[in-house]
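# Fold and geometry: a report
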2 protein chains.
Amino acid sequence: MQRCCAPAAVRRRDREGEAGLFRTLADPHRLAILETLAAAEEHVCVCDFTAGLPLNQPTVSHHLRLLREAGLIESERRGTWVYYRLAPDARARMQAALDVVFDDLAVDETHEANTECCTVPSR
Amino acid sequence: MQRCCAPAAVRRRDREGEAGLFRTLADPHRLAILETLAAAEEHVCVCDFTAGLPLNQPTVSHHLRLLREAGLIESERRGTWVYYRLAPDARARMQAALDVVFDDLAVDETHEANTECCTVPSR
DNA sequence: GAGATTCATCGAAGAATGTCAATACAAGCC
DNA sequence: GGCTTGTATTGACATTCTTCGATGAATCTC
């Protein structure tokens, strides 16, 4: 009787934070905002997003809030206008989230002895 | 009368595909599956996921289907068991999606003349 | 063939999300 | 002060997502 596979493969670390970061990027309009901010040399006015995106103003504000709460962008008020810019570590944090998933780091911290695995056919 | 900012900042390219990829990673259990497959040397049996994740079997199957439909993982049946592995280009595709957002490439393809920008205060 | 096991699919319930109209808040101007 | 403009928040609705029980499909053993 053999196991179907290596006994304890499944990683069980909590990836809620990384999943939340990816969820923040899981909307094309938020990607457009991030892409705009990443390409902009200066801060970008909210009014540019309300004018440039096919969304109403409250929806734009909603997406900006989600990005801000995720720590990916930062805001600054200048008089009547509010300007947004990419957070300095935005890209690094997204890259780190990706690396956590695809790099085989931290080997012994997440395994669990899965002693009731299936058996393998003769094949 | 001055503009509040550079006239045509907002990117308007369709990022539905990239957003869909990020949405696929926007769940901690799917991240655990990907992380497991990335760390595994061999293919991983579905039974390992149903045993190792705090989810019922139909839910595990659902997540595997989403990952498979996104092209991030591949399946292979061996007799009764089904084995999954990371798609060869999975990481590269996620990296490309990230780069599209944060790299300032393809400068002239996405701008739109936003001629009705706000004005800037004297400051 | 019948029965058992593994995995996928279906259908439904609850939660989360995207969107917008209405409204509130903040700042500048008269 | 009141008025106007830019932005944020609230409340509601429709859609999507996560989850699970029930069921179906595929394969193996007897």
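Just above, that's the structure.
Report on the accompanying structure. (Residues numbered from 1 in each chain as written. Chains lettered and ligands numbered in written order. Predicted model: local features only at pLDDT ≥ 70, side-chain atom pairs only at ≥ 80, totals over all residues. Heavy atoms only, no water.)

Moving on, we come to the environment of A:Arg91. Within the secondary structure layout, A:Arg91 lies in helix α5 (residues 90-102). Put simply, A:Arg91 and A:Leu34 are 57 residues apart on the chain and 10.0 Å apart in space, counted from C-alpha to C-alpha. Not counting residues within four places of it along the chain, the set of residues in contact with A:Arg91 comprises B:Asp99, B:Phe102 and B:Asp103. (Helix = DSSP H or I, 4+ residues; strand = E, 2+ residues; numbered from the N terminus. Contact = heavy atoms within 4.5 Å.)

Side chains that carry opposite charge are capable of pairing whenever their charged atoms lie near each other. Under the definition given, this model contains 19 salt bridges over all chains. Of the charged contacts, one joins A:Arg11 and B:Glu35 as a salt bridge, the two residues approaching to 3.6 Å between their closest N and O atoms. Of this pair, A:Arg11 sits in the segment before α1 (16-24) while B:Glu35 sits in helix α2 (residues 28-39), placing the two residues on different chains. We classify A:Arg11 as buried; its relative accessible area is 2%. We classify B:Glu35 as buried; its relative accessible area is 3%. Between B:Arg65 and B:Glu69 there is a salt bridge, with the nearest N and O atoms lying 3.2 Å from each other. Linking B:Arg65 with B:Glu69, this pair stays in helix α4 (residues 57-69), spanning four residues, or about one helical turn. (Salt bridge = Lys/Arg side-chain N within 4 Å of Asp/Glu carboxyl O. Buried < 20%, exposed > 50% of the residue type's maximum accessible area, 1.4 Å probe, protein only.)

We now examine the pairing of strand β2 (residues 73-78) of chain A. Residue and element names in this part refer to chain A. In terms of strand pairing, β2 meets strand β3 (residues 81-86) through six bridges, oriented antiparallel. Bridge pairing links arginine 78 to tryptophan 81 in β3. Taking the residues between adjacent antiparallel strands as the criterion, β2 and β3 are bridged by two residues, where glycine 79 takes a positive phi near 65°. (Pairing = 2+ DSSP bridges.)

Let us look at the nonpolar core. A:Phe22, A:Phe49, A:Leu72, B:Phe22, B:Phe49 and B:Leu72 are the most contacted members of the largest nonpolar core, which totals 59 residues. The contacts of A:Phe22, once residues within four sequence positions are left out, are A:Met94, A:Ala97, A:Leu98, A:Val101, B:Phe22, B:Leu25, B:Ala26 and B:Leu31. (Core = buried A, V, L, I, M, F, W, Y, C linked by side-chain atoms within 4.5 Å.)

Let us look at the protein's contact with DNA strand D. Surrounding DNA strand D, one finds 25 residues, the nearest of these being A:Gln57, A:Tyr84, B:Arg30, B:Asn56 and B:His63. Backbone atoms, meaning sugar plus phosphate, form 74% of the atoms of DNA strand D positioned within 4 Å of the protein. Within the side chain of B:Thr59, one N or O atom sits 3.1 Å away from a phosphate oxygen of DNA strand D. For the surface near DNA strand D, the secondary structure elements donating two or more residues are α3 (46-52), α4 (57-69) and β3 of chain A together with α2 and α4 of chain B. With five residues, α4(B) is the largest single contributor of residues to the surface near DNA strand D. When grouped by side-chain class, the residues that make up the surface near DNA strand D number ten nonpolar, ten polar and five charged. (Near = heavy atom within 4 Å. Polar contact = N/O pair within 3.5 Å; in protein donor to acceptor, adjacent residues only side chain to side chain. Nonpolar A, V, L, I, M, F, W, Y, C, P; charged D, E, K, R; others polar.)

The subject of this paragraph is the sheet that holds strand β1 (residues 44-45) of chain A. The strands that make up a sheet are held in pairs by hydrogen bonds between backbone atoms, and each pair lies either parallel or antiparallel. Residue and element names in this part refer to chain A. Strand order in this open sheet of three strands is β1-β3-β2, and the pairing throughout is antiparallel. Of all strands in the sheet, those bounded by a partner on one side alone are β1 and β2. Both β1 and β3 contribute to a ladder of two bridges, which runs antiparallel. In the sheet register, cysteine 45 faces β3, and the bridge partner there is tyrosine 83.

Before going further, it helps to spend a moment on the protein's contact with DNA strand C. Taken together, 25 residues are adjacent to DNA strand C, and A:Arg30, A:Asn56, A:His63, B:Gln57 and B:Tyr84 come closest. What you see for DNA strand C is that sugar and phosphate hold 75% of its atoms within 4 Å of the protein. One of the side-chain nitrogen or oxygen atoms of A:Thr59 is found 3.1 Å away from a phosphate oxygen of DNA strand C. Separating a phosphate oxygen of DNA strand C from a backbone N or O atom of B:Cys47 is a distance of 3.3 Å. Among the elements that take part in the surface near DNA strand C, α4(A) stands out by supplying five residues, more than any other. Taken together, the residues that form the surface near DNA strand C break down as ten nonpolar, ten polar and five charged.

Residue and element names in this part refer to chain A. Locating arginine 30 in the fold gives a position in helix α2 (residues 28-39). It turns out arginine 30 is buried and unbridged, and the closest side chain with the opposite charge, aspartate 27, is 4.5 Å from it. Apart from residues lying up to four places away in sequence, arginine 30 is in contact with Arg23, Thr24, His63, Leu66 and Leu67. (Lys, Arg positive; Asp, Glu negative; His and termini not counted.)

Spatial relationships are all this shows, so hold off on functional conclusions.
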